[in-house]
Amino acid sequence: MKKAIHWLALGLLLALAACGGAPAASPGNEYGGATDAPAGGETAATDGEVDRSRLSGELYFYNWSDYVDPAILEQFQEEYGVEVIVDTYDSNEDMLAKVRAGNSGYDIVVPSDYAVQTMAIEDLGLPLDKSMLTNWTHLDPELLGQYFDEENAISVPYLLGLTGIAYNTEAFPEGVDSWAAMFDTAQVANYQGKLSMLEDERETPGAALKYLGKSLNETDPAALEEAQALLIAQKPLLAAYNSADVNRKLASGEYVIAHAWSGTAMQARNGLGDEFSGNPAITFVIPKEGGTIWMDNLVILKDSPNAYTAHVFINFLLRPEIAAQNAEYVGYITPNQDAVPLLSQEVRDLYDAGYAPTDENIDRLEWIVRDESTSAFTDLWTVVKGD
Ligand code: N2P
């Protein structure tokens, strides 16, 4: 039987993604500057052995939009009496800027692979107390120990996904298979004002580079100049740069096509809980020139006010039933291997249809990497946004 989703290949691909080492975050399982640090030598808490007297009343989760099932947060509150307060951000760079400034008040953030590396280098993450993460064993070992945090000193895999094009098949009956649908201004003129690109200094120049036949990590100045020219020519035709509610705008018909994450596209198609109903005409494709694969991770901030509670919450998210329910709700891919068998057939079928790595798209997927030269993307993006 064909194994359509390359669950294992995810890890192997990721291992190949980058070279150049991140300095490891400092080892150990102390709580750094956390105010609710447990006394040294305190024994491990399993999910059932949580010291409730140590729990805070609130936990501050700084996350991407529509990236956690609210029912899970309610369940956590019922079980532990902790209210999880979610604030959202639109990009790794926005999150990092907030966290770098210090005293954000947030406990947990969700950086993508390359942004975990930034957090490790800048020492922004709290070393995890693995003795509290008794559900760690459910994680796919292929996805652990990646280049951006080789010991998983600060990061816990949360969800994986792809970046490509989501579109309405009623508006594009012939289908879409190329970034030309986003960058060829003659084509785009037919649906101007009804398309969006992600508001993202890596994803959006990356898409332009893919259209040009380059790696999305290409920093050669001539290639970047071409990518910048494409983005500047495209900009007046866009409804917006949007990383916040592409799901809703595709589902409602306000957009007919969008540069989008796979789960956002699945949400547009299936709807999202009580939030909005879906449009079954929406589909998702990795264009022939290629797209992005990424993995987002839970990191407790070094200055987390509620680090004990943050560990308890992460361990709760690692329960297979919770991880499955969450992946099912958001439409992304869970790194929790014991959650995979709990997923519905409907979601598995969509993964097979290209909302996850498959035989058909896997060779066209690339990971974003960062190094000294990738600050060029910040410069490019500043020019494009300001133009
Ligand atoms: C969902 C956010 C996806 C995260 N709205 C992209 N790394």
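Residues numbered from 1 in each chain as written. Predicted model: local features only at pLDDT ≥ 70, side-chain atom pairs only at ≥ 80, totals over all residues. Heavy atoms only, no water.

Draft legend 1. The site of the ligand, seen in detail. Taken together, Trp64, Ser65, Tyr67, Ser112, Trp261, Trp294, Asp296 and Tyr332 make up the full set of residues adjacent to the ligand. Taking Ser65, its main chain carries an N or O atom lying 2.7 Å from a nitrogen atom of the ligand. In the model, a nitrogen atom of the ligand is placed 2.9 Å from a nitrogen or oxygen of the Asp296 side chain. Protein burial of the ligand: of its 260 Å² of free accessible surface, 96% is covered by the chains. Of the pockets mapped on this structure, the ligand occupies the largest cavity. When its residues are assigned to classes, the shell around the ligand shows five nonpolar, two polar and one charged. (Near = heavy atom within 4 Å. Polar contact = N/O pair within 3.5 Å; in protein donor to acceptor, adjacent residues only side chain to side chain. Areas by Shrake-Rupley, 256 points an atom, 1.4 Å probe, with all protein chains shown as cover. 1 Å grid on protein atoms, 1.4 Å probe; cavity = no way out; pocket = protein on both sides within 12 Å on 5 of 7 lines; lining within 4 Å. Sits in = over half its atoms within 2 Å of the grid points. Nonpolar A, V, L, I, M, F, W, Y, C, P; charged D, E, K, R; others polar.)

Draft legend 2. Main features of empty space enclosed by the protein. Per the stated rule, a full pass over the model turns up three cavities of 30 Å³ or more. Its boundaries defined by the atoms lining it, the largest cavity holds a volume of some 260 Å³. Around the largest cavity, the lining is made up of 26 residues, and of these Trp64, Trp261, Trp294, Asp296 and Tyr332 lie nearest the centre. Sorting the residues of the lining of the largest cavity by element identifies α4 (113-121), α9 (246-252), β7 (257-261), α10 (262-270) and β11 (291-300) as the ones contributing at least two each. Per element, the largest residue contribution to the lining of the largest cavity is four residues, and it comes from β11. Grouping the amino acids of the lining of the largest cavity by side-chain chemistry returns 12 nonpolar, eight polar and six charged. Pro157, Tyr158, Leu317, Leu318 and Ala323 are, among the 13 residues lining the second largest cavity, the residues nearest its centre. When contributions to the lining of the second largest cavity are tallied by element, the ones reaching two or more residues are β4 (155-168) and α12 (320-330). For the lining of the second largest cavity, the residue count by class is 10 nonpolar, three polar and no charged. (Points joined across faces, edges and corners; volume = space filled by probe spheres on them. Helix = DSSP H or I, 4+ residues; strand = E, 2+ residues; numbered from the N terminus.)

Draft legend 3. Molecular detail of the layout of surface pockets. Reported here for the largest pocket is a volume of approximately 280 Å³. Lining the largest pocket are 14 residues, with Thr118, Glu201, Arg370, Thr374 and Thr378 sitting closest to its centre. Residue assignment for the lining of the largest pocket shows that the elements contributing at least two residues are α3 (92-100), α4 and α14 (375-386). Per-element accounting of the lining of the largest pocket gives the leading share, three residues, to α3. Across the lining of the largest pocket, the residue classes break down as two nonpolar, four polar and eight charged. A domain-level breakdown of the lining of the largest pocket finds at least three residues from each of domain 1 (2-158 + 296-345) and domain 2 (161-292 + 369-386). (Domains from an automatic or database assignment.)

Draft legend 4. Seen up close, the packing of aromatic side chains. The final tally for this structure, using the stated rule, is 18 aromatic pairs. Geometrically, the ring pair formed by Trp64 and Trp261 is edge-to-face, given 5.4 Å between the ring centres and 80° between the ring planes. Here Trp64 is found in strand β1 (residues 58-64), whereas its partner Trp261 is found in strand β7, with 197 residues between them in sequence. Like Trp64, the residue Trp261 is buried in the burial classification. Centroid distance Tyr147 to Phe148: 5.3 Å. Interplanar angle 85°. Geometry classified as edge-to-face. Owing to a relative accessible area of 2%, Phe148 belongs among the buried residues under this scheme. Through a chain of ring-to-ring contacts, three or more aromatic side chains come together here, namely Phe61, Phe76, Tyr80, Phe313 and Phe316. The side chain of Arg54 reaches across the aromatic face of Tyr308, ending 5.1 Å from its centre. Geometry around Tyr114 places Arg202 over its ring, the cationic atom sitting 5.6 Å from the centre. (Phe/Tyr/Trp six-rings, centres within 6.5 Å; stacked < 30°, edge-to-face > 60°. Buried < 20%, exposed > 50% of the residue type's maximum accessible area, 1.4 Å probe, protein only. Lys NZ or Arg CZ within 6 Å of the ring centre and 35° of its normal.)

Draft legend 5. Examining helix α8 (residues 221-234) more closely. Here α8 contains 14 residues, and its C-alpha end-to-end distance of 20 Å stays within 8% of the 20 Å for a straight helix at 1.5 Å per residue. Inspection of α8 places Ala223, Leu224, Ala227, Leu230, Leu231 and Gln234 among the buried residues, and these make up the whole buried set. Mapping the buried residues of α8 onto a view down its axis gives an arc of 120°, with all of them on the same face. α8 presents Pro221 and Glu225 as exposed residues on the side facing more than 90 degrees away from its buried surface. On its buried face, α8 sits against α5 (180-183), β5 (195-197), α7 (203-211), β6 (240-241) and α14. (Expected span 1.5 Å × (residues − 1). Arc of directions from axis to C-beta. Contact = heavy atoms within 4.5 Å.)

Draft legend 6. Examining the packing of α7 against α14 more closely. Viewed as axis vectors pointing N to C, α7 and α14 meet at an angle of 95°, and their least axial separation amounts to 10 Å. Here α14 runs roughly perpendicular to α7, going by the angle between their axes. In this structure, α7 uses Thr204, Pro205 and Leu209 to contact α14, whose residues at the interface are Phe377, Leu380 and Trp381. Among the residues forming the contact of α7 with α14, the class breakdown is five nonpolar, one polar and no charged. (Axes fitted to C-alpha atoms, helices over the stretch in contact; angles between N-to-C directions. Parallel < 35°, antiparallel > 145°, perpendicular 65-115°, else oblique.)

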